[in-house]
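Geometric and topological summary
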There are 2 protein chains.
Amino acid sequence: MVAKYQKEHEVAYYECDINQTMTFPAMLGVAIKVSEEQSAVLERGPEYIRSFGLTWIITTYHITVNRLPMVGEQIMVSTQAKEYNKYFCYRYFWLHDAQGNELVKIESVFALMDLETRKVSSVPDEIVAPFESEKIKRIKRYPKINSPEKGHFLPYRVRFYDIDSNQHVNNAMYFNWLLDVLGYEFLTTHQVKEITIRFDREVEYGNLVESHFETIRDENHLETLHEIRIGETTYCEAAMKWHERTKNNENN
Amino acid sequence: MVAKYQKEHEVAYYECDINQTMTFPAMLGVAIKVSEEQSAVLERGPEYIRSFGLTWIITTYHITVNRLPMVGEQIMVSTQAKEYNKYFCYRYFWLHDAQGNELVKIESVFALMDLETRKVSSVPDEIVAPFESEKIKRIKRYPKINSPEKGHFLPYRVRFYDIDSNQHVNNAMYFNWLLDVLGYEFLTTHQVKEITIRFDREVEYGNLVESHFETIRDENHLETLHEIRIGETTYCEAAMKWHERTKNNENN
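Keep in mind the model is a prediction, meaning the values are calculated, not measured.

A tally of regular secondary structure across chain A gives 5 helices and 12 strands. Relative to the compact-globule value of 18 Å for 252 residues, chain A shows a C-alpha radius of gyration of 18 Å, a close match. For chain A, with 252 residues in total, the buried portion stands at 56%. Within chain A, contacts between residues separated by at least 24 positions form 71% of all contacts whose residues are at least 6 apart in sequence. As presented, chain A carries roughly 11700 Å² of accessible surface, and 48% of it is formed by carbon and sulfur atoms. Distance between charge centroids for chain A: 4 Å, based on 29 positive and 38 negative side chains.

Structure below.
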């Protein structure tokens, strides 16, 4: 059975923030690495994809957090390419603790981009066949992401070390810009429980991006809306649902 | 024999930059983790150190690079607390490739800071005894770091995710500010062979630091001088020696 692929991971101190929990860039880094290993095992690595003149892009993450992995914790990272349709592949990732409890679930939408035209290509069956994904007709819908009201933002310059060895600004880096803007006080007193993020355009080295956000509160509900913009153009949109961190500093 | 401690590490894509080689923050993260594991094994973890009212700080790294670890490479990370004197502990780290070749050597200087007075404390013998370090009289000297001429700098805001689970701005993060300022063109055509870096003061969340640099070239010699400053105060100084990357994109 090759459909599901998994690997153990020990959460390192440098993968965690001041809350002692694993950061999103670190979780996504580890998750994508596990999927790259599965692709290599199934002989569907980047060279094979490039032989079709294509490359993978990630368009959406929908992340559900029960509990964030903690410093020093041994977690199991698993992935499965569950479904695909004409244009999109739906890959799931799960982080589980040593007792088998689901900590984090990441649903992701991958597409194939034509390296010449830079447009999304239909998915060749040969590419996905060994993953034993189910072919579906419908396009999956994730929660609608509303735009933040204009007003609150900080600028971030895209740095050399935001580009990873895949030659692009690592998708996971967007999380640093999206979250940092919320500030120390908010980030140490709240924990995210759901994130929907859509990547619209690719930012490049040297760009000065603006990370906009709006906080929406009512009695039982705390949500933040986000956009990464350059001028009037949107590069990335996100909506995040939060709850307050309990006072005893527990991770829930 | 516990004096030397080592662990294998597979270099992940997200630990590497566009040159396909491991970044300094990633190398130092992995190295420090190995030393923390050694300390835990020897029952000299952070709680033990805190029982003396102390905490470790790193004052200096002197790094020699033969070849940087590459994406996907299996490396051996080893460490030894080699020597100590009244105030300083000299810990070495080595990264070796699978054939046993030394890739990177990191000499580091640790000191113990009194948590109340925030001053450097003398080193209690009980803390270092199990590491089997040699007690020496002399203070080791590393190459003098000259100041860069004023002129070239970029500002960097200290972000939430620059603080790690140890509650401080991770020392390794300074490398992002020190190096990013050199620019894409320089960083993709040169490779570092030696770094001396000294940490003078701790930057804090929200600080806007300036990363200053000067490039010094003569026929057989390329060096960059660096300072991280806030106003007229120096927080970190570094000198780096470089050579040109060979055209065939080899890592040497």
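Once that is clear, we can look at the interface of chain A and chain B. Taken together, the 42 residues of chain A in the interface contact 43 residues of chain B. Between chain A and chain B lies a buried interface of about 3800 Å² when both sides are counted; carbon and sulfur atoms form 55% of it. For the chain A face of the interface with chain B, the top three residues by lost area are Tyr 13, Arg 159 and Tyr 161 of chain A, together amounting to 23%. Counting the contacts that link chain A with chain B gives 6 salt bridges. Counting residues per element, the ones that place at least two in the side of chain A that touches chain B are strand 1 (4-10), helix 1 (24-41), strand 8 (152-157), helix 4 (173-180) and helix 5 (184-189) of chain A. With 7 residues, helix 1 of chain A is the single largest residue contributor to the side of chain A that touches chain B. For the side of chain A that touches chain B, the per-class residue count stands at 20 nonpolar, 11 polar and 11 charged.

According to UniProt, the feature "domain: Acyl-ACP thioesterase N-terminal hotdog" (unreviewed entry) maps to residues 4-131 of chain A in the numbering used here. Counting secondary structure, residues 4-131 of chain A comes out at 21% helix and 41% strand; the distance between its end C-alpha atoms is 8 Å.

Before going further, it helps to examine the nonpolar core. Membership of the largest hydrophobic core comes to 130 residues, with the highest contact counts inside it found for Phe 24 and Tyr 61 of chain A together with Phe 24 and Tyr 61 of chain B. Once residues within four sequence positions are removed from consideration, Tyr 61 of chain B is found in contact with Leu 28, Ile 32, Ile 106, Glu 107, Ser 108, Asn 171, Phe 175, Ile 195, Thr 196, Ile 197 and Phe 199 of chain B.

The next subject is the packing of helix 1 of chain A against helix 4 of chain A. All names here are of chain A. Remark: helix 1 packs on helix 4, axes separated minimally by 8 Å, with the N-to-C direction vectors making an angle of 160°. By the angle between their axes, helix 1 is roughly antiparallel relative to helix 4. Where helix 1 crosses over helix 4, the two elements pack in a sense that is right-handed. Note on element contacts: helix 4 touches helix 1 through Phe 175, Asn 176 and Leu 179, opposite Phe 24, Pro 25 and Leu 28. By residue class, the composition of the contact of helix 1 with helix 4 is 5 nonpolar, 1 polar and no charged.

Phi at Arg 118 of chain A is positive, roughly 60°, even though this residue is not glycine. Note on placement: Arg 118 of chain A falls in the loop between strand 5 (102-114) and strand 6 (120-121). Judged by its relative accessible area of 45%, Arg 118 of chain A falls in the partly exposed class. The phi angle at Glu 132 of chain B is positive, at roughly 60°, despite the residue not being glycine. Relative to the helices and strands, Glu 132 of chain B is located in the loop between helix 3 (125-128) and strand 7 (134-135). According to the relative accessible area criterion, Glu 132 of chain B is partly exposed, its value standing at 48%.

Quick look at the pairing of strand 2 (residues 54-65) of chain A now. All names here are of chain A. Of the pairings in the sheet, the one linking strand 2 to strand 5 comprises 11 bridges and is antiparallel in character. Among the inter-strand pairings, His 62 is bridged to a residue of strand 5, identified as Glu 107. As paired strands, strand 2 and strand 9 (residues 190-199) are joined by 5 bridges and run antiparallel to one another. Bridge pairing in strand 9 places Tyr 61 opposite Ile 197.

A separate point is helix 1 of chain A. Residues and elements named next belong to chain A. Counted at 1.5 Å a residue, the expected span for helix 1 with its 18 residues is 26 Å, and the 26 Å between its end C-alpha atoms agrees. You can read the cap of helix 1 off the contacts: a side-chain oxygen lies 3.2 Å from the backbone nitrogen of Ala 26, and it is on Thr 23. Immediately beyond the C-terminal end of helix 1, within one or two residues, lies Glu 43, with a positive phi of roughly 55°.

Let's shift gears to the relation of the copies chain A and chain B. The operation relating chain A to chain B is a screw motion whose rotation component is 180°, with 0.0 Å of axial translation and a residual RMSD of 0.0 Å. Given the turn and translation reported, the copies of this chain are related as if by a two-fold rotation axis. Considering only C-alpha atoms, the residue of chain A closest to the rotation axis is Tyr 156 of chain A, which sits at 4.6 Å. In this assembly the copies share their binding face: 100% of the residues contributing to the interface of chain A also contribute to that of chain B.

This next bit is on the pairing of strand 12 (residues 233-244) of chain B. Residues and elements named next belong to chain B. Bridge count between strand 9 (residues 190-199) and strand 12: 9 bridges; the pairing is antiparallel. Within the sheet, the bridge partner assigned to Phe 199 lies in strand 12 and is Cys 236. With 8 bridges connecting them, strand 11 (residues 221-230) and strand 12 associate as antiparallel partners. Across the sheet, residue Glu 223 finds its bridge partner in strand 12, namely Lys 241.

Following the UniProt record, one finds the feature "domain: Acyl-ACP thioesterase-like C-terminal" (unreviewed entry) at residues 148-243 of chain A. Regarding residues 148-243 of chain A, the helix share stands at 15% and the strand share at 50%, and the terminal C-alpha atoms are separated by 19 Å.

What counts as what
- Residues numbered from 1 in each chain as written.
- Chains lettered and ligands numbered in written order.
- Predicted model: local features only at pLDDT ≥ 70, side-chain atom pairs only at ≥ 80, totals over all residues.
- Heavy atoms only, no water.
- Helix = DSSP H or I, 4+ residues; strand = E, 2+ residues; numbered from the N terminus.
- Rg over C-alpha atoms; globule rule 2.2 N^0.38 Å.
- Buried < 20%, exposed > 50% of the residue type's maximum accessible area, 1.4 Å probe, protein only.
- Contact = heavy atoms within 4.5 Å.
- Areas by Shrake-Rupley, 256 points an atom, 1.4 Å probe, with all protein chains shown as cover.
- Lys, Arg positive; Asp, Glu negative; His and termini not counted.
- Charge placed at Lys NZ, Arg CZ, Asp CG, Glu CD.
- Buried area = accessible area lost by both parts, 1.4 Å probe.
- Salt bridge = Lys/Arg side-chain N within 4 Å of Asp/Glu carboxyl O.
- Nonpolar A, V, L, I, M, F, W, Y, C, P; charged D, E, K, R; others polar.
- UniProt positions renumbered as here; feature names shortened; annotations may be inferred.
- Core = buried A, V, L, I, M, F, W, Y, C linked by side-chain atoms within 4.5 Å.
- Axes fitted to C-alpha atoms, helices over the stretch in contact; angles between N-to-C directions.
- Parallel < 35°, antiparallel > 145°, perpendicular 65-115°, else oblique.
- Left-handed = near helix turned anticlockwise from the far one by under 90°.
- Pairing = 2+ DSSP bridges.
- Expected span 1.5 Å × (residues − 1).
- Polar contact = N/O pair within 3.5 Å; in protein donor to acceptor, adjacent residues only side chain to side chain.
- Least-squares fit on C-alpha atoms with pLDDT ≥ 70 in both.

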